[in-house]
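Now for the letters of each chain:
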Amino acid sequence: MATVQFEDSMVSVASGSNLLEALLHAGHDIPNACRAGACQSCMMQVLDGELPAAAQQGLKATQKAQGYFLACCCEPQTHLKVQRNPASQSVCAVVVDKQLLPGRVLRLRLSSELDYRSGQFVNLVREDGLSRAYSLASVPELEPELEVQIRIHDDGQFSQWALNDLAVGDSLKVQGAFGDCFYTSENMQQPLLLAGTGTGLSPLYGIVRDALRLGHDGPIHLFAGARVADDLYLDKELKSLASAYRNFTYTPVVLEAEIQPDGIEVGDINQIMKAHYPDTKGMRAYFCGSPERVQKLRKQTFLAGASMQDIHCDQFTPSSQAVAA
Amino acid sequence: MCSFMNKLKGLFSGKEEAKPSLYERLGGQPAVDAAVDIFYRKVLADDRISHYFDSVDMDGQIVKQKAFLTMVFGGPNNYSGKDLREGHKHLTGLNDTHFDAVVENLAATLTELGVGGDDIGEIAGIAESVRDDVLNR
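Residues numbered from 1 in each chain as written. Chains lettered and ligands numbered in written order. Predicted model: local features only at pLDDT ≥ 70, side-chain atom pairs only at ≥ 80, totals over all residues. Heavy atoms only, no water.

## Quick notes on the overall build of chain A
Next up, step 1: The number of helices and strands found in chain A is eight helices and 17 strands.
Next up, step 2: The C-alpha atoms of chain A give 20 Å as radius of gyration, which agrees with the globular expectation for 325 residues (20 Å, within 12%).
Next up, step 3: If you line up chain A on its principal axes, its C-alpha atoms span 60 × 45 × 35 Å.
Next up, step 4: A burial count over chain A gives 51% of its 325 residues as buried. (Helix = DSSP H or I, 4+ residues; strand = E, 2+ residues; numbered from the N terminus. Rg over C-alpha atoms; globule rule 2.2 N^0.38 Å. Buried < 20%, exposed > 50% of the residue type's maximum accessible area, 1.4 Å probe, protein only.)

Encoded structure:
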């Protein structure tokens, strides 16, 4: 057992527990989602004391150097003094629009004062504390509301509640914005390669529109994967974007189709992307979706020539609560 | 082996003050950044050793390999023999063949970057000097 000084209070972390649990138990409002070291929502900064190595596992060198660590993976052995991640905000948001899209995806538009980059993610927090991480499909310079696209799971606690009980006019807490999967305009000629399956498409939709808005010059190619054609839930929006911008190409990919659908490729999205781009040298890539999918896309793209620092990924990890449900 | 030792002696003797260090000649940290992608790609494609490097945490792998390249380029590093032993102890079955494969990929990376034969020899010499620590013997 060790004690941790947080803001003006002191908490004890029992052995076998972690700092996040101890802080939540003591009534502190700490952003969190997966509680497994993946989503990085509970990132904090150490001011004094020695962190256990596990608390910084998987962080970038720049983050470690600044003393950032994950509260959910931190079982302190000695006294620590810590503070909130200065980047994280917690704001109130009001539902202004709710729409069911094809492929069992719920689109929510929320009015809020959050500062963010398109493609980053936030935690949506229900009144009782139930929270889930969702990527932002909106572009702050293009539309005033935050937009999230929520996959409806049959046994999903949050998504079922959002679908059935959450109404226009209701309010939610939004924490964020997190992640470093977003567009930066340092090289406007660089070809951009994007791929995502399911609602992995939502941050990519934001990133593409952000790049186009800023006048990205190089070619931009987005591969959107779904099981069947009916699940390509942003098909209409992406097609109209492709006809509006000469340098933007949209390739829908489905896993299953009895007859070859018009304008859609059938097969594994990784293989199809590889066939289009056997050489990725000099390209910048953005991949979003399930961890297995994203890891394969990253590796194949790196092996095909792209530099690791040009490959940006957002892995959608199911929260531990969702897995247990 | 003898020439390695001579080169190592030359490297560490510090007598040739006018001559920039190996790390400076290679181009410092930007040279490490340029080498790391090529080197990592080579080891991932090498069936003899790829399983030791094929981690889901590719960003973490890049960080470790930059530290390794900085060391063998003669740059600033905080590696001790103990760190190298600790860091490789959990890798079961690690032996000379694997070490040789890493050195081979390192040399191929440097050749690709246009580094001269003498400098490659010097770098291989530094890598060679940690062989026993890495293999924990």
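## A word on empty space enclosed by the protein
To locate leftover empty space, one rolls a probe as large as a water molecule over the atoms.
Residue and element names in this part refer to chain A.
Next up, step 1: The full count for this structure, using the stated rule, is three cavities of 30 Å³ or more.
Next up, step 2: Estimated volume of the largest cavity: approximately 60 Å³.
Next up, step 3: Looking at the largest cavity, the residues that line it are Ile30, Pro31, Ser41, Cys42, Met43, Met44, Arg84, Asn85 and Ser88.
Next up, step 4: For the lining of the largest cavity, a count of residues per class yields five nonpolar, three polar and one charged. (1 Å grid on protein atoms, 1.4 Å probe; cavity = no way out; pocket = protein on both sides within 12 Å on 5 of 7 lines; lining within 4 Å. Points joined across faces, edges and corners; volume = space filled by probe spheres on them. Nonpolar A, V, L, I, M, F, W, Y, C, P; charged D, E, K, R; others polar.)

## Regarding the packing of helix α4 (residues 201-213) of chain A against helix α5 (residues 235-244) of chain A
All names here are of chain A.
Next up, step 1: Interaxial distance between α4 and α5 falls to 12 Å at its minimum, and their mutual angle equals 20°. By the angle between their axes, α4 is roughly parallel relative to α5. You can see that α4 and α5 cross each other, and the crossing is left-handed. Counted together, Leu201, Tyr205, Val208, Arg209 and Leu212 of α4 and Glu237, Leu238 and Leu241 of α5 form the full contact between these two elements.
Next up, step 2: For the contact of α4 with α5, the per-class residue count stands at six nonpolar, no polar and two charged. (Axes fitted to C-alpha atoms, helices over the stretch in contact; angles between N-to-C directions. Parallel < 35°, antiparallel > 145°, perpendicular 65-115°, else oblique. Left-handed = near helix turned anticlockwise from the far one by under 90°. Contact = heavy atoms within 4.5 Å.)

## A word on the nonpolar core
Next up, step 1: With 54 residues, the main nonpolar core has Tyr40, Leu69, Val72, Phe73 and Leu106 of chain B as its most contacted residues.
Next up, step 2: Take this core: its biggest share by element is eight residues, from helix α3 (residues 28-44) of chain B.
Next up, step 3: With residues near it in sequence (within four places) discarded, Tyr40 of chain B still touches Phe302 and Met308 of chain A together with Phe53, Met58, Gln61, Ile62 and Gln65 of chain B.
Next up, step 4: If you look at the next biggest cluster of nonpolar residues, it comprises 29 residues, including Ile207, Leu212, Tyr250 and Ile264 of chain A. (Core = buried A, V, L, I, M, F, W, Y, C linked by side-chain atoms within 4.5 Å.)

## Notes on the confidence of the model for chain A
Next up, step 1: When pLDDT is averaged across chain A, the result is 90; 94% of the residues are at 70 or more.
Next up, step 2: Long-range and interchain partners of residues 321-325 of chain A, a stretch whose pLDDT sits below 50, account for seven contacts in this model, where long-range means more than four residues apart. (pLDDT = per-residue confidence, 0-100.)

## Considering the domain arrangement of chain A
Next up, step 1: Once the domains are mapped, chain A shows domain 1 (2-84), domain 2 (89-180) and domain 3 (192-315).
Next up, step 2: Each of domain 1 of chain A and domain 3 of chain A has a C-alpha centre, and these two points are 35 Å apart. (Domains from an automatic or database assignment.)

## Section: the pairing of strand β8 (residues 121-125) of chain A
Residues and elements named next belong to chain A.
Next up, step 1: Within β8, five of the five residues are buried, which leaves the element mostly enclosed by the surrounding structure.
Next up, step 2: Side chains Phe121, Asn123 and Val125 project from β8 onto one buried face, and the interleaved Val122 and Leu124 project onto a second face that is buried too.
Next up, step 3: Bridge analysis of β8 against strand β9 (residues 131-135) gives five bridges, and the strand direction is antiparallel. Opposite Phe121, over in β9, you have Ser135 as the bridge partner.
Next up, step 4: Taking the residues that link successive antiparallel strands as the turn, the β8-β9 hairpin has five residues, and the phi of Gly129 there is positive, at about 100°.
Next up, step 5: Relative to strand β11 (residues 171-178), β8 runs antiparallel, the two being bridged by four bridges. Within β11, the position partnered with Asn123 by the bridge is Gln175. (Pairing = 2+ DSSP bridges.)

## Looking at the interface of chain A and chain B
Next up, step 1: Contacts between the two partners involve twelve residues from chain A and, on the opposite side, eleven residues from chain B.
Next up, step 2: Taken as a group, Lys299, Phe302 and Met308 of chain A account for 46% of the area that chain A buries against chain B, more than any other trio of residues on that side.
Next up, step 3: At the junction of chain A and chain B, the tally comes to one salt bridge.
Next up, step 4: Linking Asp54 of chain B and Lys299 of chain A is a salt bridge whose minimum nitrogen-to-oxygen distance equals 2.7 Å. (Buried area = accessible area lost by both parts, 1.4 Å probe. Salt bridge = Lys/Arg side-chain N within 4 Å of Asp/Glu carboxyl O.)

## Some thoughts on the confidence of the model for chain B
It should be kept in mind that the predicted coordinates are not to be read in detail where pLDDT is low.
Next up, step 1: For chain B, per-residue confidence averages 82 on the pLDDT scale, and 85% of positions sit at 70 or higher.
Next up, step 2: The low-confidence segment residues 1-16 of chain B (pLDDT under 50) makes 14 contacts with residues lying over four places distant or belonging to another chain.

## Here's the deal with the packing of helix α7 (residues 96-112) of chain B against helix α8 (residues 117-128) of chain B
All names here are of chain B.
Next up, step 1: Direction vectors running N to C along α7 and α8 enclose 155°, while the axes themselves pass 10 Å from each other. The orientation of α7 with respect to α8, classified from their angle, is roughly antiparallel. Judged by the twist between their axes, the crossing of α7 over α8 is right-handed. Between α7 and α8, the contacting residues are Phe99, Val103, Leu106, Ala107, Leu110 and Thr111 on the first element and Ile120, Ile123, Ala124, Ala127 and Glu128 on the second.
Next up, step 2: Looking at the contact of α7 with α8 residue by residue, the class counts come to nine nonpolar, one polar and one charged.

## Digging into the layout of surface pockets
Residues and elements named next belong to chain B.
Next up, step 1: By volume, the second largest pocket is sized at about 660 Å³.
Next up, step 2: In this structure, the second largest pocket is lined by 28 residues; those nearest its centre are Phe53, Lys64, Gly87, His88 and Leu91.
Next up, step 3: Elements that contribute at least two residues to the lining of the second largest pocket include exactly α4 (50-53), α5 (58-72), α6 (81-88) and α7.
Next up, step 4: Per element, the largest residue contribution to the lining of the second largest pocket is five residues, and it comes from α5.

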